[in-house]
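Each chain, letter by letter, is given below.
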Amino acid sequence: MARVLIVGAGLTGSLCAALIRKEAPRPVHLAVWDEAGDSGGRMTTARSPYNPQSTVDLGAQYITCTPHYAKQHQSFYDDLLALGILKPLTSPIEGMVMKEGDYNFVAPQGVSSIIKHYLEESGADVYFRHCVTQINLRNDKWEVSKEKGPPELFDIVVLTMPVPQILQLQGDVANLISKCQRQQLESVSYSSRYALGLFYEAGTKIDVPWAGQYITSNPCIRFISIDNKKRNIESSEIGPSLVVHTTVPFGVTHLEHSTEAVQEVIFQHLEGILPGLPRPVATKCQKWRHSQVTNAAVNSHGQLTLHLKPFLVCGGDAFTQSNFDGCVTSARCVLEALKNHV
């Protein structure tokens, strides 16, 4: 049985795992490694330390489906809607730009529920706090080393982490990447930003007429969402949760500052926008060094195959675009490239 390793438990990685399980021509052993403590990648959902039912989306806020992808990816949307993992976004988002024929969806259980669903479907062995450091060739297999623990051997490796992390990998893989491939990978760029999640006591009222709002006049804050309201979930037992996304220029300027210092600055700006906001019982500040892809890899067509025997391929939004459909496109391209090697 071929041993397949997928590095990265975000949307592309989890969907790759589910598609390989469903469509691989023969049975495989699937493992998914991620350096974080939970799945989700940039579709992560944080929980209040005081009430796990109080959650906030620190990455993607909602999913926009265009008419083009509504047809192309219909089965993916239909499945997630039928299972209640997605539902139409009906709450008011001020300043949202809507194009004709677009549909918006939210995840009632948080966007990471999409990733958890695909990982469960895949039946993969999922390991967290597995940070890959080296990939070496060993007798037609890949020997993959991580920060802690012994290296492991795999027949196929799929890399779905941000491109700068791929370029940092040590071992044979660094020499196997051709000059042309390296140029393709180095052409990828990302925006950076911070997200701040705020959790409140049950019964707290945040009295605004919207569930989300795009801010255009603040140098720090770009978007605010009252997450339970965005998902149409009102409960007397669960306190409201709020998320703030910073502007990209603010994120870039403060990228190397401590999250504690940045959190304080965000708070000050938030107080200016929503004066009298109650103090939260808990907070979670997330630095997105690789937030959204601003330039995708040139001529990559959804994936980049780095080595054929044994097979090594890169996928993710860096090879398409930073949204749900970009990740679905990449996962399908990875599957097509990989089918001949399983």
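Each chain has its residues counted from 1, following the order in which its sequence is written. pLDDT decides what is reported in this predicted model: residues at 70 or higher carry local features, side-chain atom pairs at 80 or more are listed and counted, and totals for whole chains, interfaces and linings draw on all residues regardless. Note that the side-chain values use all heavy atoms of the structure and ignore hydrogens as well as water.

Enquirer: Can you break down the environment of His341 residue by residue, with the values?
Expert: Going along the chain from the N terminus, every DSSP run of H or I of four or more residues is numbered as a helix, and every run of E of two or more is numbered as a strand. By the secondary structure assignment, His341 is in the segment after helix 11 (324–339). For each residue, the accessible area found with a 1.4 Å probe, counting protein chains only, is set against the maximum for its type, and the residue is called buried under 20%, exposed over 50%, and partly exposed in between. Overall, the relative accessible area of 26% leaves His341 in the partly exposed class. Remark: the alpha-carbon pair of His341 and Gly197, spanning 144 residues in sequence, is separated by 43 Å. We call two residues in contact when some of their heavy atoms are within 4.5 Å. Those residues in contact with His341, other than ones at most four positions away along the chain, are Ile156, Leu308 and Phe311.

Enquirer: I'd like to hear about the sheet that holds strand 12 (residues 152–154), residue by residue, with values.
Expert: Strand pairing is assigned whenever DSSP detects at least two bridges linking the two strands. If you walk across this open sheet you meet the three strands as 10-11-12, and the pairing is antiparallel. Sheet topology places strand 10 (132–138) and strand 12 at the edges, where each strand pairs with a single neighbour. The sheet shows a mean angle of 30° between the axes of neighbouring strands, direction not considered. Bridge count for strand 11 (residues 141–146) against strand 12 is three bridges, and the pairing is antiparallel. Bridging across to strand 12, Glu143 finds its partner in Leu153. Axis definition: a line fit to C-alpha positions, over the contact stretch in the case of helices; interaxial angles, taken between N-to-C directions, run 0 to 180 degrees.

Enquirer: Account for the side chain of His307, naming residues and giving values.
Expert: Examined against the element boundaries, His307 turns out to sit in strand 21 (residues 303–307). Judged by relative accessible area, which is 19%, His307 ranks as buried. By the criterion applied in these results, polar contacts are pairs of N or O atoms within 3.5 Å in which, for protein atoms, one can donate a hydrogen and the other can accept it, and in which residues neighboring in sequence qualify only through two side-chain atoms. Among the polar contacts listed, one links the side chain of His307 to the backbone oxygen of Pro310, at a separation of 2.9 Å. If we skip the residues at most four places from it in the chain, His307 touches Leu137, Trp142, Leu176 and Leu312.

Enquirer: Tell me about the nonpolar core, and name the residues and values.
Expert: What tends to happen in soluble globular proteins is that the nonpolar side chains get buried as a cluster. What is meant by a nonpolar core is a set of buried Ala, Val, Leu, Ile, Met, Phe, Trp, Tyr and Cys residues, joined one to another through side-chain atoms within 4.5 Å. Judged by nonpolar contacts, the single largest core of 44 residues is most densely connected at Ile20, Ile114, Tyr118 and Phe324. Per-element accounting of this core gives the leading share, eight residues, to helix 11. Core analysis: the next-biggest nonpolar cluster, separate from the first, contains 28 residues, Val7, Ile177, Leu312 and Phe319 among them.

Enquirer: Describe in detail the UniProt feature "signal peptide" (unreviewed entry) in the protein chain, supporting the description with residues and values.
Expert: With numbering matched to this structure, UniProt assigns "signal peptide" (unreviewed entry) to residues 1–17. Counted over residues 1–17, helix gives 41% and strand 35%. Its end C-alpha atoms are 15 Å apart. UniProt positions are given in the numbering used here, feature names are shortened, and annotations may be inferred rather than shown by experiment.

Enquirer: Give me the lowdown on the sheet that holds strand 15 (residues 193–199), citing residues and values where you can.
Expert: With mixed pairing, the six strands of this open sheet are ordered in space as 7-16-17-18-15-19. The two strands at the open ends of the sheet, each matched to only one other strand, are strand 7 (93–94) and strand 19 (282–288). Strand direction decides the pairing type here: strand 15 and strand 18 (residues 241–246), joined by five bridges, are antiparallel. Paired with Leu196 across the two strands is Val244, which belongs to strand 18.

Enquirer: Go over the packing of aromatic side chains, please, and point to the residues and values.
Expert: By convention, a stacked pair of Phe, Tyr or Trp rings (six-membered ring in the case of Trp) has centres within 6.5 Å and planes under 30 degrees apart, an edge-to-face pair has planes over 60 apart, and any other such pair is tilted. Per the stated rule, a full pass over the model turns up four aromatic pairs. Look at Tyr77 and Phe105: their rings are 5.7 Å apart centre to centre, the planes differ by 35°, and that puts the pair in the tilted class. One end of the pair, Tyr77, is in helix 3 (residues 74–82); the other, Phe105, is in strand 8 (residues 103–106), and 28 residues separate them in sequence. In terms of burial, Tyr77 and Phe105 fall into one category: buried. A ring pair is formed by Tyr77 and Phe324, whose centres lie 5.2 Å apart and whose planes are at 55°; its orientation type is tilted.

Enquirer: How would you sum up the pattern of salt bridges? Please name residues and give values.
Expert: Whenever Lys or Arg places a side-chain nitrogen within 4 Å of a carboxyl oxygen from Asp or Glu, that contact is recorded as a salt bridge. Throughout the structure, instances matching the rule amount to 13 salt bridges. Salt-bridge contacts for Arg138 lead to Glu143; the nearest nitrogen and oxygen are separated by 3.5 Å. Given a relative accessible area of 18%, Glu143 falls into the buried group. Glu256 is the salt-bridge partner of Arg289, the closest N and O atoms lying 3.0 Å from each other. Highlighted residues: Arg289 in the loop between strand 19 and strand 20 (293–295) and Glu256 in the loop between helix 9 (248–253) and helix 10 (259–273), separated in sequence by 33 residues.

Enquirer: Go over helix 7 (residues 179–186) with me, naming the residues and quoting the values.
Expert: Those residues of helix 7 not exposed but buried are Gln181, Gln184 and Leu185. Projection of helix 7 onto a plane perpendicular to its axis shows the buried side chains occupying an angular sector of 95°, all on one side. Those residues of helix 7 that are exposed and angled more than 90 degrees off the buried face are Lys179 and Glu186. The inward-facing, buried residues of helix 7 abut helix 5 (163–167), helix 6 (172–176) and strand 21. Of all possible arcs, the one meant is that of the directions from the helix axis to the C-beta atoms.

Enquirer: Please give an account of the packing of helix 3 against helix 11 that cites residues and values.
Expert: Packing of helix 3 against helix 11 leaves a shortest axis separation of 11 Å and a crossing angle of 120°. Relative to helix 11, the crossing made by helix 3 is right-handed. Along the contact surface, helix 3 presents Phe76, Tyr77 and Leu80, while helix 11 presents Phe324, Asp325, Val328 and Arg332. Residue polarity is assigned by list, with Asp, Glu, Lys and Arg as charged and Ala, Val, Leu, Ile, Met, Phe, Trp, Tyr, Cys and Pro as nonpolar; anything else, Gly included, falls into the polar class. Residue classes in the contact of helix 3 with helix 11 are distributed as five nonpolar, no polar and two charged. Handedness of a crossing follows from how the near helix is turned relative to the far one, being left-handed for an anticlockwise turn of less than a right angle and right-handed for a clockwise one.

Enquirer: Report on the domain arrangement of the protein chain, specifying residues and quantitative values.
Expert: On domain assignment, one finds that the protein chain holds domain 1 (2–37 + 128–188 + 296–339) and domain 2 (190–294). Taken together, the contact pairs nine residues of domain 1 with five residues of domain 2. Two parts lose some accessible area (1.4 Å probe) when they are put together, and adding that loss for both gives the buried area. Summed over both partners, the interface of domain 1 with domain 2 comes to about 580 Å²; 59% of that surface belongs to carbon and sulfur atoms. On inspection of domain 1 and its partner domain 2, the count reaches zero salt bridges. Put simply, domain 1 and domain 2 have two residue pairs in polar contact (both at pLDDT 80 or more) between them. Note: domain ranges come from an automatic or database domain assignment.

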